[in-house]
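Each chain, letter by letter, is given below.
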Amino acid sequence: MCSSNLQTRTIYTSKFEDCVDCFDIYFSGGSAWYRTSKARLLFIEKPIIVGCIYLDHLIPQLQKRLAPELIMDFKQDARLTAAIFPSNITSHKHHFTKKFTISFLSNCAEIAKRHPDCRFIVKLKDPGQMDMILAEDKFFKVYSQVRSNFAFLNQPRHDYANVLASSDIVIAIGFTTPGIEGLLIGKRAICYSELK
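All values reported here derive from a predicted model rather than from experimental measurement.

Each value, and the rule that gives it
Residues numbered from 1 in each chain as written. Predicted model: local features only at pLDDT ≥ 70, side-chain atom pairs only at ≥ 80, totals over all residues. Heavy atoms only, no water. Phe/Tyr/Trp six-rings, centres within 6.5 Å; stacked < 30°, edge-to-face > 60°. Helix = DSSP H or I, 4+ residues; strand = E, 2+ residues; numbered from the N terminus. Buried < 20%, exposed > 50% of the residue type's maximum accessible area, 1.4 Å probe, protein only. Patch = residues over 30% accessible without salt bridge, like charges linked within 9 Å, V, L, I, M, F, W, Y side chains within 5 Å. Areas by Shrake-Rupley, 256 points an atom, 1.4 Å probe, with all protein chains shown as cover. Salt bridge = Lys/Arg side-chain N within 4 Å of Asp/Glu carboxyl O. Core = buried A, V, L, I, M, F, W, Y, C linked by side-chain atoms within 4.5 Å. Contact = heavy atoms within 4.5 Å. Pairing = 2+ DSSP bridges. Axes fitted to C-alpha atoms, helices over the stretch in contact; angles between N-to-C directions.

So, the packing of aromatic side chains
The way to describe two aromatic rings as a pair is by their centre distance and the angle between their planes. Across all of its chains, the model carries 11 aromatic pairs by this definition. Centre to centre, the rings of Phe139 and Phe152 are 6.0 Å apart; their planes meet at 80°, and the pair counts as edge-to-face. Of this pair, Phe139 sits in helix 6 (residues 137–143) while Phe152 sits in strand 5 (residues 150–153), placing them 13 residues apart in sequence. The same class applies to Phe139 and to Phe152, which are both buried. With a centroid separation of 6.1 Å and an interplanar angle of 70°, the aromatic rings of Tyr143 and Phe150 are classed as edge-to-face. Of the two residues examined, Tyr143 and Phe150, each falls in the buried class. Counting every residue linked through ring pairs, the aromatic cluster contains Phe120, Phe139, Phe140, Tyr143, Phe150 and Phe152.

So, in structure tokens, the structure goes:
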């Protein structure tokens, strides 16, 4: 049996298949990651440290930051740009429910309303989620007031390096890969959570 999993965060206690010996090879982001989870990984003899697989792709692009293909149209007006990254949207058995995501985006739109001099760009996890979000009355009411400085990007799930490169601030639902990467590449970052 072949099993694989890729996570950029620590594993959930309830996901037992992530916790023990179902992996023949265990690749770890770094030694701190392995030390943190070591008690849960008793049957893995040796992790293979691979670093952040996303940064391997992202850093070269950021080094070419001034290249025209990386500077997005919304950056041409020189306003401070905040990139907003929600996570998966699910209806149950997950801490990022649709209600949680709508609350997150509504709060971001409220911030945009208070800061009309800034540009807010939402990069959804999946492009198909935009219609569902815009159909929510709670969000649409606030969004209707900030259309001049609050926009959605329609890009595939893993196509976000240009958004990070062009942003000044990252606002991420806690805790997503783009939020952590924003910190790693020196961006100002806000991690949003309503969890207690």
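Some details on a nonpolar patch on the surface
A contiguous nonpolar surface patch, about 360 Å² in accessible area, is contributed by Ile25, Phe27, Ile48 and Val50. Tracing the backbone through its elements, the reader meets Ile48 in strand 2 (residues 48–49). Given a relative accessible area of 39%, Ile48 falls into the partly exposed group.

Structural notes on the pattern of salt bridges
Per the stated rule, a full pass over the model turns up 3 salt bridges. Notably, a salt bridge pairs Glu136 with Lys98, separated by 2.9 Å at the nearest N-O pair. Here Lys98 lies in helix 4 (residues 98–114) and Glu136 lies in the loop between helix 5 (129–134) and helix 6, a separation of 38 residues in the sequence. Glu136 sits in the partly exposed class, given a relative accessible area of 25%.

Focus on the nonpolar core
Ranked by internal contacts, the top residues of the largest apolar core, which has 26 residues, are Ile84, Phe139 and Phe150. Counting residues per element, the ones that place at least two in this core are strand 3 (81–85), helix 4, strand 4 (119–123), helix 6, strand 5 and strand 6 (169–173). The element contributing the most residues to this core is helix 4, with 7 residues. Setting aside residues no more than four positions away along its own chain, Ile84 makes contact with Phe104, Leu105, Cys108, Phe120, Ile121, Val122, Lys123, Phe150 and Ile171. Counting 12 residues, the second largest nonpolar core, distinct from the first, contains Leu55, Leu58, Ile121 and Val170.

Some points on the environment of Ser193
Its location among the elements puts Ser193 in the segment after strand 7 (188–192). Taking the relative accessible area as the measure of exposure, Ser193 reaches 35% and is therefore partly exposed. Distance in space between the C-alpha atoms of Ser193 and Gly174 is 5.4 Å, their sequence separation being 19 residues.

Remarks on the sheet that holds strand 5
Taken together, 5 strands build an open sheet; the order of strands is 5-4-3-6-7 and the sheet is parallel. Looking at strand neighbours, the two that pair on one side only are strand 5 and strand 7, the edges of this open sheet. This sheet shows a mean twist of 20° between the axes of neighbouring strands, independent of strand direction. Bridging between strand 6 and strand 7 involves 5 bridges; their strand directions are parallel. Residue pairing in the sheet places Ile169 in a bridge with Arg188 of strand 7. Across the sheet, helix 4 lies against strand 3, strand 4, strand 5, strand 6 and strand 7, angled at about 155° from strand 6, the strand it touches most.

Here we look at helix 8 (residues 177–184)
Turning to helix 8, its buried residues are Thr177, Pro178, Gly179, Glu181 and Gly182. Gly186 sits one or two residues past helix 8 and shows a positive phi near 90°.

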